[in-house]
Amino acid sequence: MDGAGTRVHNGLTDSTVHGTVVQAGRADVLIRTSDPVEQAVPVTVAPPLGLRDASRPLRGRGDVLARLEAAPAGDGLLVLCGMGGCGKTALALELAARRTAAGCRVWWVEARNGPALEAALRAVARQVGAAPEELERGDTADVLWSRLARLDAPWLLVVDNADDPALLDGPGALNAGTGWIRPAAGAGTVLVTTRESTPATWGPATRLHPLQPLTGDRLDDAARILRDHAPATAGTEAESHALADRLGGLPLALYLAGAYLTEATRTPAPFRAPGTPTTYAAYRRAWEDGPQGLDPAHVLPRTWAMSLDLLEQRGHTHARRLLELIASFADADLPYTLLLTPDRLADAGPLADLDGPALWQHLTALAALGLVDLPDAAPDTLPVLRMHPLVRDASRTSVGSAVAAGILTTVAFADGTGVPEEPEFWAVWGLLSPHILDSFHRAGTVPLAAADLLRLADVAGLAGRNLHSQGLHTQARAEYEAILAVELEYRDETDPEPLATRHNLAVVLRDLGELEAARAEFEAVLAVERERNGAVGSATLTTRHELALVLVDLGELEVARAEFEAIFEARRAALGDSDPATLTARYELARIMYQRGELEASRAEFEALLAVERERVGEDHPETLTTRHQLALILRDVGEHEVARAELEAILAARRGRIDENRPQMMASRSALARILHELGELEAAKAEHEAILASRRASGGDAHPETLAARHNLALSLVELGELEAGRAEFEAVLAIERERWGAAHPGSLPTRRYLALVLTMLGELEAARAELEALLDIERLQLGETHPDTLATARRLAEVLRELEG
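Everything numeric in this text was worked out from a predicted model, so none of it was measured.

A.B. asks: Would you mind showing me how to read the overall build of the protein here?
C.D. replies: Regarding its fold elements, the protein presents 34 helices and five strands. Taken along its principal axes, the extent of the C-alpha atoms in the protein is 110 × 60 × 40 Å. A total of 808 residues make up the protein; the buried ones form 55% of that total. Taking all contacts inside the protein whose residues are at least 6 apart in sequence as the whole, residues at least 24 apart take part in 67%. Accessible surface, the protein: about 31,200 Å² in total, of which carbon and sulfur atoms supply 52%. Here the protein contributes 80 positive and 120 negative side-chain charges, whose respective centroids are spaced 4 Å apart.

A.B. asks: When you look at the confidence of the model for the protein in this model, what are you seeing that I'm missing?
C.D. replies: Low pLDDT means the predicted atomic positions in that stretch should not be read closely. Chain-level statistics for the protein give a pLDDT mean of 85 and a share of 91% at 70 or above. Long-range and interchain partners of residues 1-42, a stretch whose pLDDT sits below 50, account for 162 contacts in this model, where long-range means more than four residues apart. Contacts of residues 291-296 to residues separated by more than four positions or lying in other chains number 13 contacts, the stretch itself having pLDDT below 50.

A.B. asks: What am I meant to see in the sheet that holds strand β1 (residues 77-81) here?
C.D. replies: Spatially, β2-β3-β4-β1-β5 is the arrangement adopted by the five strands of the open sheet, whose pairing is parallel. Each edge of the sheet is formed by a strand with only one pairing partner; in this case those strands are β2 (105-110) and β5 (206-210). For this sheet the average axis-to-axis angle between neighbouring strands, irrespective of direction, equals 20°.

A.B. asks: What am I meant to see in the nonpolar core here?
C.D. replies: One recurring pattern in soluble globular proteins is that nonpolar side chains are buried together. Core analysis: the largest hydrophobic core is formed by 117 residues, its most contacted members being L325, I326, F329, L339, L340, L366 and I436. Of the residues forming this core, the biggest block, nine residues, is contributed by helix α18 (residues 450-469). Once residues lying within four places of it in the same chain are set aside, the contact partners of L339 are F329, L334, R344, L345, I407, L408, V411 and L432. If you look at the next biggest cluster of nonpolar residues, it comprises 33 residues, including V45, L144, W145 and A162.

A.B. asks: Help me out: how do you make sense of the pattern of salt bridges in this one?
C.D. replies: Pairing between side chains of opposite charge can happen when their charged atoms approach one another. Applying the stated rule across the entire model yields 59 salt bridges. A salt bridge links R218 to D63; the shortest N-O distance between them is 2.7 Å. Here R218 is found in the loop between β5 and α7 (219-229), whereas its partner D63 is found in helix α1 (residues 62-70), with 155 residues between them in sequence. The exposure class assigned to R218 is partly exposed, which follows from its relative accessible area of 27%. The partly exposed category is assigned to D63, whose relative accessible area is 33%. One salt bridge in this structure joins R519 and E523, with 3.2 Å as the shortest N-O distance. Residue R519 and its partner E523 are both found in helix α21 (residues 515-533); the two are separated by four residues, about one turn of the helix. Residue E523 is classed as partly exposed on the basis of its relative accessible area, which comes to 37%. Connected through shared salt-bridge partners, E110, R112, D331, D333, R386 and R392 make up one network.

A.B. asks: In this structure, what is going on with the side chain of S718? I would like to understand it.
C.D. replies: Mapped onto the elements, S718 comes out in helix α30 (residues 706-721). Residue contacts for S718: discarding those within four places in its chain leaves H678, A686, K687 and H690.

A.B. asks: Would you explain the packing of α7 against helix α9 (residues 251-266) in this entry?
C.D. replies: Pairs of packed helices are described in terms of their axes, by the angle between the two and the distance that separates them. α9 packs onto α7 with a crossing angle of 30° between their chain directions and a minimal axis gap of 7 Å. Here α7 is positioned roughly parallel relative to α9, judged by the angle of their axes. Handedness of the crossing formed by α7 with α9: right-handed. Contacts from A222, I225, L226 and H229 in α7 reach P251, L254, Y255, A257, G258, A259 and T262 in α9. Of the residues assigned to the contact of α7 with α9, the class counts are eight nonpolar, three polar and no charged.

A.B. asks: Got a minute to help me understand the pairing of β1 in this structure?
C.D. replies: Along a regular strand, successive side chains alternate from one face of the sheet to the other. Extensive coverage of β1 is indicated by the burial of five of its five residues. Of the two faces of β1, the one lined by L77, V79 and C81 and the one lined by L78 and L80 are each fully buried. Note: β1 against strand β4 (residues 188-194), five bridges, orientation parallel. Within β4, the residue paired with L80 across the bridge is T193. In terms of strand pairing, β1 meets β5 through five bridges, oriented parallel. Counterpart to L77 in the pairing with β5 is T206.

A.B. asks: Please clarify how the environment of P342 should be interpreted in this entry.
C.D. replies: Assignment of secondary structure puts P342 in the loop between α13 (336-339) and α14 (356-368). Given a relative accessible area of 34%, P342 falls into the partly exposed group. Taking the C-alpha atoms as reference points, P342 and A305, 37 residues apart in sequence, are found 25 Å from one another. Setting aside its immediate chain neighbours within four residues, P342 contacts L354, D355, G356 and L359.

A.B. asks: Would you take a moment to explain the environment of H388 for this structure?
C.D. replies: With respect to the secondary-structure elements, H388 resides in the loop between α14 and α15 (389-395). With a relative accessible area of 30%, H388 lands in the partly exposed category. Along the chain, H388 and D373 lie 15 residues apart, while their C-alpha atoms are 8.5 Å from each other.

A.B. asks: What is the right way to read unusual backbone geometry from this model?
C.D. replies: Trans peptide bonds make up most of the peptide bonds, and negative phi angles are found at most residues other than glycine. With phi around 60°, N161 is a residue other than glycine that occupies positive phi space. Mapping N161 onto the fold places it in the loop between β3 (155-160) and β4. N161 gets classed as buried once you look at its relative accessible area, which sits at 15%. A positive phi angle, close to 65°, is found at D380, a residue other than glycine.

A.B. asks: Whenever I open this one, the environment of A611 confuses me. Can you help?
C.D. replies: Structurally, A611 can be placed in helix α25 (residues 599-617). Take A611: its relative accessible area is 46%, and that puts it in the partly exposed class. In sequence terms A611 and A745 are 134 residues apart; their C-alpha atoms lie 40 Å from each other.

A.B. asks: Could you clarify how one ought to interpret α7 in this entry?
C.D. replies: Residues that lie three or four places apart on an α-helix share one face, since the helix turns once every 3.6 residues. With eight of eleven residues buried, α7 is to be regarded as a mostly interior element. Turning to α7, its buried residues number three or more, namely L219, D221, A222, A223, I225, L226, D228 and H229. Elements that come into contact with the buried residues of α7 comprise α8 (237-246), α9 and α10 (280-287).

A.B. asks: What am I meant to see in the pairing of β4 here?
C.D. replies: The buried fraction of β4 amounts to seven of the seven residues, a majority that puts the element mostly inside the structure. Because side chains alternate across β4, one face comprises the buried residues G188, V190, V192 and T194, and the other comprises T189, L191 and T193, equally buried. Two strands pair when backbone bridges link them, and β3 and β4 are joined in this way by five bridges, in the parallel orientation. The partner of L156 across the bridge, within β4, is T189.

Thresholds, definitions, all that
- Residues numbered from 1 in each chain as written.
- Predicted model: local features only at pLDDT ≥ 70, side-chain atom pairs only at ≥ 80, totals over all residues.
- Heavy atoms only, no water.
- Helix = DSSP H or I, 4+ residues; strand = E, 2+ residues; numbered from the N terminus.
- Buried < 20%, exposed > 50% of the residue type's maximum accessible area, 1.4 Å probe, protein only.
- Contact = heavy atoms within 4.5 Å.
- Areas by Shrake-Rupley, 256 points an atom, 1.4 Å probe, with all protein chains shown as cover.
- Lys, Arg positive; Asp, Glu negative; His and termini not counted.
- Charge placed at Lys NZ, Arg CZ, Asp CG, Glu CD.
- pLDDT = per-residue confidence, 0-100.
- Pairing = 2+ DSSP bridges.
- Axes fitted to C-alpha atoms, helices over the stretch in contact; angles between N-to-C directions.
- Core = buried A, V, L, I, M, F, W, Y, C linked by side-chain atoms within 4.5 Å.
- Salt bridge = Lys/Arg side-chain N within 4 Å of Asp/Glu carboxyl O.
- Parallel < 35°, antiparallel > 145°, perpendicular 65-115°, else oblique.
- Left-handed = near helix turned anticlockwise from the far one by under 90°.
- Nonpolar A, V, L, I, M, F, W, Y, C, P; charged D, E, K, R; others polar.

Written as structure tokens, this is what we have:
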């Protein structure tokens, strides 16, 4: 919704802020919400069993597989370590296939880059019951492992290609058991594949399972792998042994050699290039024309160099250049139907000569020799291409990287790619973003002109917006900061592009809870926009709206109110009464009135707003329901409890079936309804509902989360009304201790708790303690709310009563 979301600089409309709960001591106040679709890229976390060749046995790894299968559930962290190409992924796939066949839940996560890893782990968390809002708060790792630990049925999580263990640290430390990846608990098993074998890296709860090349007494298994993939005419067992020995017993090299011999043999002899090897012995002789020795760094490059030679001999003259281009993208699934089509390769030098059929022939030829994988695509998903990291490392060139950057830029701004915040384009941007960000971060090693680099920075900004829209706030912040550094090197700080990046960075900072930093960024952007566009320009109003939301979060309600009043009038003058931007500003203004205790004024605003929304989007639209919710709170506060109860029950009925029971919208309405039950005297029912809400909040956010604190506050009220004064006091004191530590003693969010704690102290007869609390509270309320505010007047009356009792 314009004026309520992340501003962009490419001419696209502003995106909408999605619903979150304002926790200022209340569990039932909602920020304006848009359609509550679960924000999640449909990341695939199923094991890629299509890459497993079930017709061929796993050679030479039976002992390791047996140890992995025998590992009891909850047995720490299983780490399968070894050099690249030694078969770690194949072994993990075999274990995944067996566990899947046994009815075990299995998830497969790639750890090749940070954003993809976090997106996949968030997908796993959702599959085990985490609500989207739990994942938007930045504590994804804790939520994930808490949920996994509670599963009763067996499960397996495979983390493949974790060659940079630092990516697994996430918010904590891998070796301390607080990172993205942690030792399994309960009924689970966690298996990591990696080249890193240092025990200290993984922590004390790790079980290392090293894999070595199949040499020595395992050479028979190495030769069998070769024979599994080569034609029967390739030679004798002894010759296969000799070639396996020459290839160092490295499973990937053996597979590539066998695939080469199969493809070479398929070409009739009269059509083969002279000297094309078709036997083990001939392949060994040809291989030995390259680097000598058994250094693994030489084995694989020489092996696939021979494969590329074969492809060129067979007429696939662009195979080498195409492989180099593919290698220049990120180590992530590559959506080749978006990036490797003939129109995308128009500026890719000789590759521009390839039409569709020829390009597909080249891709399938590379796949036939094992240089890339073309797995079958699931229904309604984009097909992707995969490449082994070792092939990528050996094939990447700076020229190919420059071409890849150009392709990514073209695709990112193409009409059919859409914008990152739109749900229909999440899958596209989930696939594109790792490649865009990888290209941007490697730009210093690529021959790019300044204009091309800045264009790539613009594209990286879109990828940053994708991260932000998926709740990956920390990742988005890092990307925006990197983009801004490049922009400021080549552009003036007042240019539109750096301003847009700073604006988007400020939105992320707000979502991360870094309110003062967000305020500073918004104020800096706003100063430029006021000078350039005036106080009521569209971009200026958007930034003013965002800044006002930060001010609300900081408790500066009067300043925020003045801003929203001005924004509302400017929007209405420019766009009319029923434009979404106008309505959003009006909603936020009414919400501040409510927070200030101006019940009749806020009621009038919400009723007027509701009339427009009912006509514009209907009775049960999420925006309408949110406004109805706010009106129900006012009805409750003015004593119309039965009407408010009926309205909240209707709102809950409309939302059920459309959104999860644990979403903030549902929880806020349930909490409000429970408070009405309390005020209607149905104390046991209210207490039971508050206890259920608290259990849900605590499970999703922990004891110190604002939503948990609000639920504890409401439960404490029920306990006091039921006469359980000491229990109520303990809850209020626990809540207040956390609120003081987080916000300080004078923050508006802690004032309701202090009011009720003072009341309980009075009821318990601890009058001196109640007096001290009320006097401190009254000073704060007079300063923040004014002498005539209802809360200030109520505190003054309670203090007077306590003083009379002390004097009597």
